[in-house]
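Close look at the chain arrangement
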Amino acid sequence: MNNIYKERQKSLVKLTERVFQKLHPFVINVPLLFLIFFFLEIEAKGEGNSDQQPYFKWAESPLPIPPGDTHQPGLAGAFSGLSNDVLIIAGGANFPDNPPWEGGKKVWNDQIYVLSKQGNSYGWLSNGEFRLEIPKAYGVSISSPEGLLCIGGDRDNHVLPDISLLQWDAANKTIIQSKLGPLPASFEATGGALIDGVIYISGISDNRNHFVSIGLSELLVQEEPAWKNLPACPGPPRRLMSSVAQSDGEDPNFYLFGGRANINGKDTLLTDAYAFNVAKKSWKKITPKVHYKFPMGAPALAYGASSIFLFGGDNGKLFLERSQLERAIATAGEGPIKDSLQQQLSNSFKNHPGFNNRIVVYNTITHTIHEIDTLPGPSPVVTNAVLWNDGIFLPSGEIYPGVRTPEVLIGSPLKVTGEFGLLNYGVLTIYFGVLLGMGIYFSFRQKTTQDYFKGGGRIPWWAAGLSVFGTALSAITFMAIPAKTFATDWSYFLYNMSVLLATPVVVLLFIPFFRRLNVTTAYEYLEKRFNLIVRLFGSASFILFQVGRIGIVLYLPSIALALVTGIDIYFCIITMGIISMVYTLIGGIEAVIWTDVIQVVVLMGGALFAILIMFFDMNESFFTLMDTASAHEKFNIANLDLRLTEPTLWVVIIGGFFANLVTYSSDQTMVQRYLTTKDEQGAAKTAWTNAILVIPASLLFFGVGTALYLYYLEFPQKMDPFAQDIDAVFPWYIIRDLPNGISGLLIAGVFSAAMSSLSSSMNSTATAFTSDFYERLKGNTHGKELLTVAKIATLVCGVLGTLFALWMATSNIVSLWDMFFKVLGLFTGGLGGLFLLGIISKQANGTGAIIGLVASSIVQYLVVSYTSLHLFLYAGTGLVTCVAIGHLASLVIKDSGNEKGKELTIYNKLFSNKSR
């Protein structure tokens, strides 16, 4: 049956190719395209990696033979990590002469090995001639910006409190060792990690678990470091566990997996796992959907945004059998029974099959765990996993009880990109063709700057409202809101809803000023109310912010396109930038607005379609899925705490109100839409259209995030284990799990979101530059000259934004949602305050306004640098500071430079709400 479906699909694709060859390149048969969609097999394209397709490619690099020795027996418990782009392996223990069941003696080592990358391969810079101050093993290894930290360990079965720092001196080709302050007294370090500059160490003292921390900078300078005691991991004293730091989608966490304990003289396996939330300072037991017994001694590695790989490990079954035999031998008297028991113990060592070689991945967001691959041989345990040059290194380790491997395993992740296919490319081509066609159509109507900037007043209010809505949504909505909801919950939902609080203020206070003064840019009001300097500063701030915004909204869809096709992300950014620039450059604000209308339809329709397919694939009732999401606390919408450092109810509502007030009152991309309608009433309808549409849009895109969580909870094997950024979770679903044609439409939705904001930013930035700088400062200009300047400014803005996007592609950005709103609050809060100050304060003057703006910038810097205030409040602190200090400064410093400007307030009858 599957073969029949595949043959039908091939036939339909061939038919599609022949039909499109007959059609004129500029004639689009849309009904035919959607008819093909329905005939195509509506089935997810991929099931993630198949069982036959590996996730890793493995190579080996044997440890060098130490000077004076004849062979390399390998190491267990060695310290290993990075310093100055080399891998350091130091210390460790082994049985160099005979295995333990033949009476071999364990030896602690002090050799240091150094591995470097040499071209496309790796070579050893040290074969063990460098030495530790003392032989030691079984401590905690932490790679830090300063070098490899070797914490604790033991020697001859005696616990060591020592901490040393190993640094590679590349210039002199040598190891620099520094002895640091010790661990707390009687503290046996068993696990550790470095999180945001703080070292966290789990250990055992007084036969109990302990958990301590210290800043890296403090440890490096203090002879007697002041370790902070934190809540200890629940349960018995835990050894041989796996430890690693990773984000849970919201906060960094310290994870502990598996291990063993000795309880009342009896070895006990600990197959559970715990996570310590660094922000909340509390432990939580990990309960994967599918019950899993975590092994002991497995190397663990945090990878990407939310994955933790566990490489092999010992399930402990044979260990417990050996432990039982050892206890029986200890209590047996001399004779044949003891001899038999000793023979059984020796056989258990000799016949050991090796530790399991399974590679499993635990996702810290969905709390799912599953096997994805296997190691090429028995798993090395009691070693570390080190991420270096995008490769995963497992330095030596124990592969059988008492037997070490001399090999360093090097794993290369085999990352997968989607296959976009002919039909998907056809959908994108049609979409881009429509946008360019609209730009060409409206180019014939661009006779003056009035046409280019305001559309000649021909834009209906509903189209302008959709354009405002589409501009505000952008790719940040399409990708980052689902990603944030997938990783956390609905805590940010009321942030979106706060636009309903800000819109009445915008309609009553701001729109009347912009319409009745007949301005081209919002910043003209600042000159009329204050002076030219304030206008130029406001306009310049807007322009700089929009160039950055263009970079963000270009970067996001380029991630999706690179993920889809495997094309270099830089090529994607440049291509997207050029296409966007062309239709914006030639079509003006009319092309921008009408393409926004189309893009909103694609954006909303694509997201709705994705939700429906996810629900159909999960094959569960709607209410069952809602119960599951609720049980996983995915619908938390309001945190009633009084803290201002978290997205609590008050932070979300207050911060959202101020951020939306700033955006919809002082952002030229929004104000320009108010100016394109026929009259003031139409401008008000434009603002309310946007506000009302925010409700279904927020429900839709937050719903996409929840649906993605439920989907990957049900199908964890379909998630990308190598995902570097949570923001890519929706594009990954689109390209890997949606049918051909539909995925093309959804990717078009990603581009729709980006282009809607991109084109608006380019046109509005050109408007601001042409009107606020060129026309205002040069004077004696005419319409044709200004139109030419506007188009040049559009081009320059697009180029600068594209260059900024290329720079962003080289940066490590954890969440674009957080970044965008941090920038929004820091750099636009004071600008919004200028407008509000001018409108509500009759005493405000130009000097006071500038002082308020400078004070706002200083306060913002202090807030960000020295407080933990949540980023949602940045816009509010900037706006309130500017208004308050600007008003007080105006009362103290009299400025009679613009007395007429003091009439442009809400107290003037011309601008009262009743006046029309």
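Residues numbered from 1 in each chain as written. Predicted model: local features only at pLDDT ≥ 70, side-chain atom pairs only at ≥ 80, totals over all residues. Heavy atoms only, no water.

A word on the overall build of the protein. When helices and strands are tallied, the protein shows 23 helices and 32 strands. The buried share among the 916 residues of the protein stands at 58%. In the protein, the proportion of contacts linking residues at least 24 apart, taken out of those at least 6 apart, comes to 71%. Of the roughly 37,700 Å² that the protein leaves accessible, carbon and sulfur atoms contribute 59%. (Helix = DSSP H or I, 4+ residues; strand = E, 2+ residues; numbered from the N terminus. Buried < 20%, exposed > 50% of the residue type's maximum accessible area, 1.4 Å probe, protein only. Contact = heavy atoms within 4.5 Å. Areas by Shrake-Rupley, 256 points an atom, 1.4 Å probe, with all protein chains shown as cover.)

So, about the nonpolar core. The tendency in soluble globular proteins is for nonpolar side chains to be buried side by side. The biggest cluster of nonpolar side chains holds 150 residues, and the ones touching the most others in it are Y733 and I734. Take this core: its biggest share by element is 22 residues, from helix α13 (residues 569-618). Excluding residues that lie within four positions of it along the chain, Y733 makes contacts with A610, I613, M614, D617, L708, Y711, Y712 and L738. Formed by 17 residues, the second largest nonpolar core is a distinct cluster that contains L149, I151, I163 and I201. (Core = buried A, V, L, I, M, F, W, Y, C linked by side-chain atoms within 4.5 Å.)

A word on unusual backbone geometry. One non-glycine residue with positive phi stands out, namely N84, at about 50°. With respect to the helices and strands, N84 occurs in the loop between β2 (79-83) and β3 (86-90). By relative accessible area, N84 is classed as exposed at 53%. Phi at D156 takes a positive value of approximately 55°, unusual for a residue other than glycine.

Our next topic: the sheet that holds strand β7 (residues 121-131). To summarise the sheet geometry, strands pair through backbone hydrogen bonds and adopt either a parallel or an antiparallel arrangement. Ordered by their spatial adjacency, four strands build an open sheet running β2-β3-β6-β7, and the pairing between neighbours is antiparallel. A strand with exactly one partner marks an edge of an open sheet, and here the two such strands are β2 and β7. Looking at each pair of strands side by side, their axes are set apart by 20° on average, direction ignored. Where strand β6 (residues 111-118) lies against β7, eight bridges are found, and the strand directions are antiparallel. Paired with V114 across the bridge in β7 is S126. (Pairing = 2+ DSSP bridges. Axes fitted to C-alpha atoms, helices over the stretch in contact; angles between N-to-C directions.)

Looking now at the sheet that holds strand β16 (residues 208-215). Sheet architecture is open: four strands sit in the order β14-β15-β16-β17, paired in antiparallel fashion. Every interior strand has two partners, whereas the edge strands, β14 (188-195) and β17 (228-230), have only one. For this sheet, the mean inter-axis angle between neighbouring strands, taken without regard to orientation, is 30°. Here β16 runs beside β17; their pairing, made up of three bridges, is antiparallel. Each bridged residue has a counterpart across the sheet, and for V212 the counterpart in β17 is N229.

Let us look at the pattern of salt bridges. As enumerated under the stated definition, the model contains 10 salt bridges in all. The salt bridge partner of E527 is R776, with a shortest N-O separation of 2.6 Å. One end of the pair, E527, is in helix α11 (residues 523-529); the other, R776, is in helix α19 (residues 742-778), with 249 residues separating them in the sequence. Given a relative accessible area of 17%, E527 falls into the buried group. D772 serves as the salt-bridge partner of R535, at 2.8 Å between the closest nitrogen and oxygen. Of this pair, R535 sits in helix α12 (residues 532-565) while D772 sits in helix α19, and the two are 237 residues apart along the sequence. Note on R535: relative accessible area 5%, which makes it buried. (Salt bridge = Lys/Arg side-chain N within 4 Å of Asp/Glu carboxyl O.)

So, on to the packing of helix α14 (residues 622-631) against helix α17 (residues 680-714). α17 packs onto α14 with a crossing angle of 95° between their chain directions and a minimal axis gap of 10 Å. In terms of orientation, α14 lies roughly perpendicular with respect to α17. Where α14 approaches α17, its residues L625, M626, T628 and A629 are matched on the opposing element by T706, L710 and L713. Tallied by class, the residues present in the contact of α14 with α17 amount to five nonpolar, two polar and no charged. (Parallel < 35°, antiparallel > 145°, perpendicular 65-115°, else oblique. Nonpolar A, V, L, I, M, F, W, Y, C, P; charged D, E, K, R; others polar.)

Bringing the confidence of the model for the protein into the picture now. Per-residue confidence for the protein gives a mean pLDDT of 83, with 87% of residues at or over 70. Contacts for the low-pLDDT stretch residues 1-44, under 50 throughout, to residues beyond four places or in other chains number 32 contacts. A low-confidence stretch, residues 46-51 (pLDDT under 50), is modelled with 12 contacts involving residues beyond four sequence positions or located in other chains. (pLDDT = per-residue confidence, 0-100.)

This paragraph deals with the side chain of S498. With respect to the element layout, S498 can be found in the loop between α9 (493-497) and α10 (499-516). For S498, the side chain forms a polar contact with the side chain of N660, separated by 3.0 Å. In contact with S498, not counting residues within four places along its chain, are I653, G656, F657 and N660. (Polar contact = N/O pair within 3.5 Å; in protein donor to acceptor, adjacent residues only side chain to side chain.)

Moving on, we get to helix α4 (residues 317-331). In a regular helix each residue adds 1.5 Å, so 15 residues correspond to 21 Å; α4 covers 22 Å between its end C-alpha atoms and thus fits that length. Taken together, the buried positions of α4 are occupied by F319, R322, S323, L325 and I329. Buried residues in α4, looked at end-on, bunch into an arc of 165°, giving them a common side. Opposite the buried face of α4, by more than 90 degrees, sit the exposed residues K317, Q324 and T331. (Expected span 1.5 Å × (residues − 1). Arc of directions from axis to C-beta.)

Sheet topology note: the strand β20 (residues 260-263)/strand β21 (residues 266-269) ladder contains four bridges and is antiparallel. By the bridge assignment for β21, N262 is matched with D267. Connecting β20 to the antiparallel partner β21 that follows it, the hairpin turn spans two residues, and N264 within it adopts a positive phi of roughly 55°.

On the surface, a nonpolar cluster with roughly 740 Å² of combined accessible area is contributed by I533, I850, V854, I858, Y861, L862 and Y866. It is helix α22 (residues 846-866) that provides the largest number of residues to the nonpolar patch, a total of six residues. (Patch = residues over 30% accessible without salt bridge, like charges linked within 9 Å, V, L, I, M, F, W, Y side chains within 5 Å.)

Turning next to the packing of aromatic side chains. Two aromatic rings, taken as a pair, are described by how far apart their centres are and by the angle between their planes. Counted by the stated rule, this structure contains 47 aromatic pairs. Their ring planes at 40° and their centres at 5.7 Å tell us that F56 and W58 sit as a pair that is tilted. There is no split in this pair, since F56 and W58 are both buried. A centroid spacing of 5.9 Å and a plane angle of 25° characterise the contact between Y200 and F211, whose relative ring orientation is stacked. Linking Y200 in strand β15 (residues 198-205) with F211 in strand β16, this pair joins segments that are 11 residues apart in sequence. (Phe/Tyr/Trp six-rings, centres within 6.5 Å; stacked < 30°, edge-to-face > 60°.)

The next point concerns the layout of surface pockets. Considered as a void within the structure, the second largest pocket measures approximately 980 Å³ in volume. Around the second largest pocket sit 35 residues that line it, and D248, E250, K280, K284 and E633 are the ones nearest its centre. Of all the elements in the fold, those that place two or more residues in the lining of the second largest pocket are β19 (252-257), β22 (273-277), β23 (282-285) and α17. Of the residues forming the lining of the second largest pocket, the biggest block, three residues, is contributed by β23. Here the lining of the second largest pocket is built from residues that sort into 11 nonpolar, 12 polar and 12 charged. (1 Å grid on protein atoms, 1.4 Å probe; cavity = no way out; pocket = protein on both sides within 12 Å on 5 of 7 lines; lining within 4 Å. Points joined across faces, edges and corners; volume = space filled by probe spheres on them.)

An α-helix turns once per 3.6 residues; consequently, residues spaced three or four apart project the same way. For helix α23 (residues 874-892), spanning 19 residues, the distance from its first C-alpha to its last is 27 Å, which sits close to the expected 27 Å at 1.5 Å a residue. Burial in α23 covers these residues: Y874, A875, G876, T877, G878, L879, T881, C882, V883, G886, A889 and S890.

What follows covers the packing of α17 against helix α18 (residues 729-737). Interhelical geometry of α17 versus α18 gives an angle of 60° and a closest axis separation of 11 Å. Taken together, the axes of α17 and α18 lie oblique to each other. Note on packing geometry: the crossing formed by α17 with α18 is left-handed. Contacts between α17 and α18 involve V704, L708, Y711 and Y712 on the former and, on the latter, V729, F730, W732, Y733 and D737. Here the contact of α17 with α18 is composed, by residue class, of eight nonpolar, no polar and one charged. (Left-handed = near helix turned anticlockwise from the far one by under 90°.)

Checked against the element boundaries, V381 lands in the loop between β27 (368-374) and β28 (386-388). Taking the relative accessible area as the measure of exposure, V381 reaches 4% and is therefore buried. A sequence separation of 23 residues divides V381 from R404, and the C-alpha atoms of the two residues are 9.2 Å apart. Not counting the four nearest positions on each side in its chain, V381 is found in contact with G297, G313, D314, F355, G397 and E398.

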